[in-house]
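Below, each chain spelled out in residue letters.
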Amino acid sequence: AQSVAQPEDQVNVAEGNPLTVKCTYSVSGNPYLFWYVQYPNRGLQFLLKYITGDNLVKGSYGFEAEFNKSQTSFHLKKPSALVSDSALYFCAVYNTGGFKTIFGAGTRLFVKA
Amino acid sequence: DAGVTQSPTHLIKTRGQHVTLRCSPISGHKSVSWYQQVLGQGPQFIFQYYEKEERGRGNFPDRFSARQFPNYSSELNVNALLLGDSALYLCASSIRDGGTDTQYFGPGTRLTVL
């Protein structure tokens with residue numbers, strides 16, 4: 001069965017510092033991995049995805065994610081955090097067999113000024 | 001271009017009632033998916049429809065049903081509501097890109113069951 005795990009419920013970082021939000025996955029076959037962000041009382045916004053190719057994927061709002069096949073990880077990163085980055089972040093894997101996206105439990109990011 | 005739209009924004013129902021939630025996809029998107037997001041959890045997949053046909057179904061009871069119309073809009077119906085059905089219901093439309101679907105979400109419908 002395909003799944004994703006986000007080991008941290010919450011990540012705290014100071015504004016201007018680099019941030020990392022962790023995600024590990026379990027899939028059979030090629031992984032199709034995604035990151036989404038959710039602001040309060042809003043739907044999810046697509047940030048970036050990995051299908052194949054370069055292990056470093058660049059996305060919206062300065063975010064990037066590093067795909068590591070040997071560690072089955074897909075961590076979200078940003079070189080310099082902004083207070084406005086504070087939100088709930090979800091890692092997800094696309095299940096081609098079931099035509100569905102499986103989401104992790106989410107990680108809440110707090111960026112302190 | 002308009003994004004995914006959902007109606008209503010909020011809804012309050014009582015146990016045993018039924019509810020219909022509506023979704024309009026992004027223009028050009030032929031696939032619509034529905035998710036349930038309970039407070040504090042990630043979204044859980046309910047259905048995916050493509051070209052009016054059900055293409056995927058999550059682990060939800062038969063009280064949940066959906067359909068997609070010729071204009072690709074979609075409805076999610078939930079019968080015999082339970083307190084545990086209280087959640088944010090998210091609709092996503094998608095387009096195939098590089099071998100996978102990239103989903104774009106609407107703002108959701110907040111359902112409260114009393």
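A few points on the structure.

Analysis parameters
Residues numbered from 1 in each chain as written. Chains lettered and ligands numbered in written order. Predicted model: local features only at pLDDT ≥ 70, side-chain atom pairs only at ≥ 80, totals over all residues. Heavy atoms only, no water. Helix = DSSP H or I, 4+ residues; strand = E, 2+ residues; numbered from the N terminus. Rg over C-alpha atoms; globule rule 2.2 N^0.38 Å. Buried < 20%, exposed > 50% of the residue type's maximum accessible area, 1.4 Å probe, protein only. Contact = heavy atoms within 4.5 Å. Areas by Shrake-Rupley, 256 points an atom, 1.4 Å probe, with all protein chains shown as cover. Lys, Arg positive; Asp, Glu negative; His and termini not counted. Charge placed at Lys NZ, Arg CZ, Asp CG, Glu CD. Buried area = accessible area lost by both parts, 1.4 Å probe. Polar contact = N/O pair within 3.5 Å; in protein donor to acceptor, adjacent residues only side chain to side chain. Disulfide = S-S within 2.5 Å. Phe/Tyr/Trp six-rings, centres within 6.5 Å; stacked < 30°, edge-to-face > 60°. Pairing = 2+ DSSP bridges.

### Quick look at the overall build of chain B
- The number of helices and strands found in chain B is zero helices and eleven strands.
- For chain B, the α and β elements follow one another from N to C terminus as β-β-β-β-β-β-β-β-β-β-β.
- Here the C-alpha atoms of chain B give a radius of gyration of 13 Å, agreeing with the 13 Å that 2.2 N^0.38 yields for 114 residues.
- Along the first, second and third principal axes, the C-alpha set of chain B runs to 40 × 30 × 25 Å.
- Counting only residues that meet the buried cut, chain B has 49% of its 114 residues in that class.
- Nonlocal contacts in chain B, meaning residues at least 24 apart in sequence, comprise 52% of its contacts between residues at least 6 apart.
- Only carbon and sulfur atoms are counted for the fraction: they give 50% of the accessible area of chain B, which is about 5400 Å².
- Chain B carries 11 positive and 9 negative side-chain charges, and their two centres are separated by 7 Å.

### Some details on the interface of chain B and chain A
- On the chain A side, the residues contacting the 25 residues of chain B number 20 residues.
- Both sides together, the interface formed by chain B and chain A hides about 1700 Å², and carbon and sulfur atoms give 55% of it.
- Per-residue buried area on chain B facing chain A is highest for B:Pro43, B:Thr100 and B:Phe105; these three make up 25% of the total on that side.
- On inspection of chain B and its partner chain A, the count reaches five residue pairs in polar contact (both at pLDDT 80 or more).
- Going through the elements one at a time, strand 4 (31-37), strand 5 (44-50), strand 6 (53-57), strand 9 (87-97) and strand 10 (100-105) of chain B are the ones with two or more residues in the side of chain B that touches chain A.

### What about the state of the cysteines?
- Applying the stated rule across the entire model yields two disulfides over all chains.
- A:Cys23 shares a disulfide with A:Cys91; S-S distance 2.0 Å. Between A:Cys23 and A:Cys91, the S-S torsion sits near -60°, and that sign places the bridge as left-handed. Note that A:Cys23 is positioned in the loop between strand 3 (19-21) and strand 4 (24-26) and A:Cys91 in strand 10 (residues 87-95), a separation of 68 residues in sequence. Grouping residues by exposure puts A:Cys23 and A:Cys91 together as buried.
- One disulfide bridge connects B:Cys23 with B:Cys91, the sulfur atoms lying 1.8 Å from each other. Between B:Cys23 and B:Cys91, the S-S dihedral sits near -65°, and the bridge is therefore left-handed. Separated by 68 residues along the polypeptide, B:Cys23 in strand 3 (residues 19-24) and B:Cys91 in strand 9 bring together distant segments of the chain.

### Notes on the packing of aromatic side chains
- In the structure shown here, the tally under the stated rule is 17 aromatic pairs over all chains.
- With a centroid separation of 5.6 Å and 50° between ring planes, the pair formed by A:Phe63 and A:Tyr89 is classed as tilted. A residue pair is termed long-range when its members are at least 10 positions apart, and A:Phe63 in the loop between strand 7 (56-58) and strand 8 (64-68) and A:Tyr89 in strand 10 qualify at 26 residues. Neither residue differs from the other here; A:Phe63 and A:Tyr89 are each classed as buried.
- Measuring from ring centre to ring centre gives 5.6 Å for A:Phe103 and B:Tyr35, while their planes differ by 90°; the resulting arrangement is edge-to-face.

### Concerning the environment of B:Glu53
All names here are of chain B.
- Mapped onto the elements, glutamate 53 comes out in strand 6.
- In the structure, glutamate 53 is positioned 22 residues away from serine 31 in sequence and 9.4 Å away in space, judged by C-alpha atoms.
- When sequence neighbours within four positions are dropped, the list of residues in contact with glutamate 53 reads Gln48 and Gln68.

### Quick look at the pairing of strand 11 (residues 109-113) of chain B
Residue and element names in this part refer to chain B.
- Alternating residues of strand 11 divide into Thr109, Leu111 and Val113, all buried, and Arg110 and Thr112, none buried.
- Taken together, the four bridges between strand 2 (residues 10-13) and strand 11 define a ladder with parallel strand orientation. Within strand 11, the residue paired with leucine 11 across the bridge is leucine 111.

All quantities given are derived from atomic positions and should not be read as evidence of function.
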